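In case you want the letters, here they are:
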Amino acid sequence: MYTPHPDRYADMPYRRTGRSGLKLPALSLGLWHNFGPDRPVDVQRAILRRAFDLGVTHFDLANNYGPPPGAAESALGDALKVDFAHHRDELIVSTKAGYLMWPGPYGEWGSRKYLLSSLDQSLGRMGLDYVDIFYSHRPDPETPLEETMGALHSAVQQGKALYVGVSNYSAEQTREAARILADLGTPLLIHQPRYSMLDRRPEDEGLLDALDELQVGSIAYSPLEQGLLTGRYLNGIPEDSRAASDSPFLSADTVTDDLVGRLRTLDEIAKSRGQSLAQLALAWVLRGGRVTSALVGASSPRQLEDSVEAIDNLDFTEDELAGIDAVTKA
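Just so we're clear, the structure is a prediction, and the values are computed from it rather than from any experiment.

Colleague: Tell me what's going on with the sheet that holds strand β7 (residues 161-167), and back it up with residues and numbers.
Modeller: An order of β3-β4-β5-β6-β7-β8-β9-β10 is seen for the 8 strands of this closed barrel, with the pairing classed as parallel. Each strand of the sheet is rotated relative to its neighbour by a mean of 30°, with strand direction disregarded. Note that strand β3 (residues 27-30) and strand β10 (residues 293-296) share 3 bridges and pair parallel. In the sheet register, Leu-29 faces β10, and the bridge partner there is Val-296. This element, helix α5 (residues 171-184), spans β7 and β8 (188-192) of the sheet and lies at about 160° to β8.

Colleague: Which residues make up the environment of Leu-228, and what values do they have?
Modeller: Residue position: Leu-228 is located in the loop between β9 (217-220) and α8 (257-272). It is 23 Å that separates the C-alpha atoms of Leu-228 and Asp-319, two residues lying 91 residues apart in sequence.

Colleague: Break down the pairing of β9 for me, citing the residues and quoting the values.
Modeller: Burial of the side chains of β9 extends over both faces: Gly-217 and Ile-219 are buried on one face and Ser-218 and Ala-220 on the other. The pairing of β9 with β10 spans 2 bridges and is parallel. By the bridge assignment, Ala-220 is partnered in β10 with Ala-294.

Colleague: So what's going on with the packing of aromatic side chains? Which residues, and what values?
Modeller: This model, assessed by the stated rule, comprises 7 aromatic pairs. Between Tyr-2 and Phe-84, the aromatic rings sit 5.6 Å apart at their centres with planes inclined by 65°, giving edge-to-face as the arrangement. Of this pair, Tyr-2 sits in the segment before β1 (14-16) while Phe-84 sits in the loop between α2 (71-82) and β5 (92-97), and the two are 82 residues apart along the sequence. As far as the burial class goes, Tyr-2 and Phe-84 line up, both buried. Where Trp-102 meets Tyr-114, the ring centres are 5.3 Å apart and the plane angle is 55°; that geometry is what we call tilted. In this pair, Trp-102 is assigned in the loop between β5 and α3 (112-126) and Tyr-114 in helix α3, connecting sequence segments 12 residues apart.

Colleague: Kindly report on the pairing of β3, identifying the contributing residues and their values.
Modeller: Side-chain direction in a regular strand flips from residue to residue, so the side chains alternate between the two faces of the sheet. Going residue by residue along β3, you find Leu-27 and Leu-29 tucked away on one face and Ser-28 and Gly-30 tucked away on the opposite face as well. Inspection of the sheet shows β3 paired to strand β4 (residues 58-60) by 2 bridges, in the parallel sense. Paired with Leu-29 across the strands is Phe-59, a residue of β4. Note that the unit made of β3, helix α1 (residues 41-53) and β4 has a crossover that is right-handed.

Colleague: Which residues make up the nonpolar core, and what are the values?
Modeller: In terms of nonpolar packing, the biggest core is built from 90 residues, with Leu-29 and Leu-266 touching the most fellow members. Beyond its immediate stretch of four places on either side in the chain, Leu-29 contacts Ile-47, Leu-48, Ala-51, Val-56, His-58, Phe-59, Asp-60, Leu-295, Val-296, Gly-297, Ala-298 and Leu-304. Counting 9 residues, the second largest nonpolar core, distinct from the first, contains Leu-22, Leu-24, Ile-219 and Leu-295.

Colleague: Tell me what's going on with α8, and back it up with residues and numbers.
Modeller: The end-to-end C-alpha separation of α8 is 23 Å, in line with the 22 Å expected for 16 residues at 1.5 Å each. Residues of α8 that are buried sit in contact with α9 (277-286) and α11 (318-328). One or two residues past the end of α8 sits Gly-274, with phi positive at roughly 75°.

Colleague: Before we move on, can you summarise the side chain of Thr-17 with the specific residues and values?
Modeller: Looking at where Thr-17 falls in the secondary structure, it is placed in the loop between β1 and β2 (23-25). Judged by its relative accessible area of 1%, Thr-17 falls in the buried class.

Scoring rules and cut-offs
- Starting from 1, residues in each chain are numbered consecutively following that chain's sequence as written.
- Two thresholds apply to this predicted model, a pLDDT of at least 70 for residue-level local features and 80 or more for giving and counting side-chain atom pairs, whereas whole-chain, interface and lining totals are computed over all residues.
- Heavy atoms from the whole structure form the basis of all side-chain values; hydrogens and water molecules are not counted.
- We treat two strands as partners when DSSP finds at least two bridges between them.
- Helix and strand assignments follow DSSP, with helices taken as H or I runs no shorter than four residues and strands as E runs no shorter than two, numbered in order from the N terminus.
- Angular values range over 0 to 180 degrees, each being the angle between N-to-C directions of two axes fitted as lines to C-alpha atoms, with helices fitted over their stretch in contact.
- Any two residues having at least one pair of non-hydrogen atoms within 4.5 Å are treated as being in contact.
- Using a 1.4 Å probe on the protein chains alone, a residue whose accessible area is under 20% of its type maximum counts as buried, one over 50% counts as exposed, and one in between counts as partly exposed.
- Working definition: rings of Phe, Tyr and Trp (its six-membered ring) pair if their centres are within 6.5 Å, and the pair is stacked with planes under 30 degrees apart, edge-to-face with planes over 60 apart, and tilted otherwise.
- Looking down the strands as they point away from the viewer, one classifies a crossover as right-handed if the path from the first strand across the helix to the second runs clockwise.
- Buried residues of nine kinds, namely Ala, Val, Leu, Ile, Met, Phe, Trp, Tyr and Cys, make up a nonpolar core once their side-chain atoms join them within 4.5 Å.
- Multiply 1.5 Å by the residue count of a helix minus one, and that product is the helix's expected span.

Read these as layout, nothing more, since geometry by itself doesn't imply function.
In structure tokens, the structure reads:
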């Protein structure tokens with residue numbers, strides 16, 4: 001029987017999410033990869049247990065995570081029963097709906113029909129009465145935003161979600177979503193954008209400014225840029241890497257000689273700080289407290305431990321930040 005570490009809250013910093021009462025760990029565990037039937041169940045459970053032992057209290061999912069879709073939620077549901085049945089109130093569990101989940105016109109996007117049906121299915125797979133955060137995973141260009149936000153509001157009113165968020169919304173879409181939700185009486189808690197040293201769009205396109213203005217929290221996904229910022233590509237493309245596979249998320253064409261040179265420069269900056277490249281990338285996203293939490297994946301407990309070590313040094317000198325900008329904004 002799993003017994004959590006008694007000092008699990010000793011070292012992890014917890015950050016208030018916007019103006020809400022909810023605090024999230026600086027690092028959250030994403031179950032996008034590594035939680036499908038192609039991965040050993042004992043490894044999946046070991047990752048979840050180690051995360052909780054390290055103070056990572058937030059498990060982030062979506063209806064389509066796996067593969068196949070739904071598998072990650074089912075895997076978490078099994079782990080919740082076996083390992084975390086007595087610790088549900090210590091956990092933040094989030095899920096999303098927006099991408100393709102089942103065939104037909106009601107299996108994706110942002111209609112009320114799809115969002116609330118998907119949430120019911122997610123709760124069934126996880127064996128939960130409610131999720132802590134329910135997201136609209138992407139904006140729907142054809143469904144009125146009032147309908148999509150109204151569905152999120154209904155999820156809260158029905159007791160199936162405590163908070164709501166959006167992901168992949170632009171700054172203006174986020175402002176409008178926050179306005180609609182405020183009028184309904186359900187505040188927008190959080191936005192989940194893609195953000196890393198190599199992807200500055202939340203800065204460049206004004207999203208972070210909008211979130212500051214709205215007092216909405218943020219949780220960055222892909223802070224390691226699909227593995228590019230883990231150090232695996234410092235000498236080119238490893239045969240067993242994502243870029244060497246048929247992954248739609250990272251292609252071999254991306255890993256140019258110029259990029260490898262820039263990664264090596266970043267690695268030197270990381271070494272000067274006593275960090276790995278991955279730890280530098282996570283610390284950079286979390287710098288200054290503007291981002292509430294960074295989402296990390298893990299294929300093993302050790303990989304997760306390495307990520308969590310990033311919290312030991314979240315401060316940067318002006319010279320370090322300037323050096324990173326010189327490499328990543330080139």
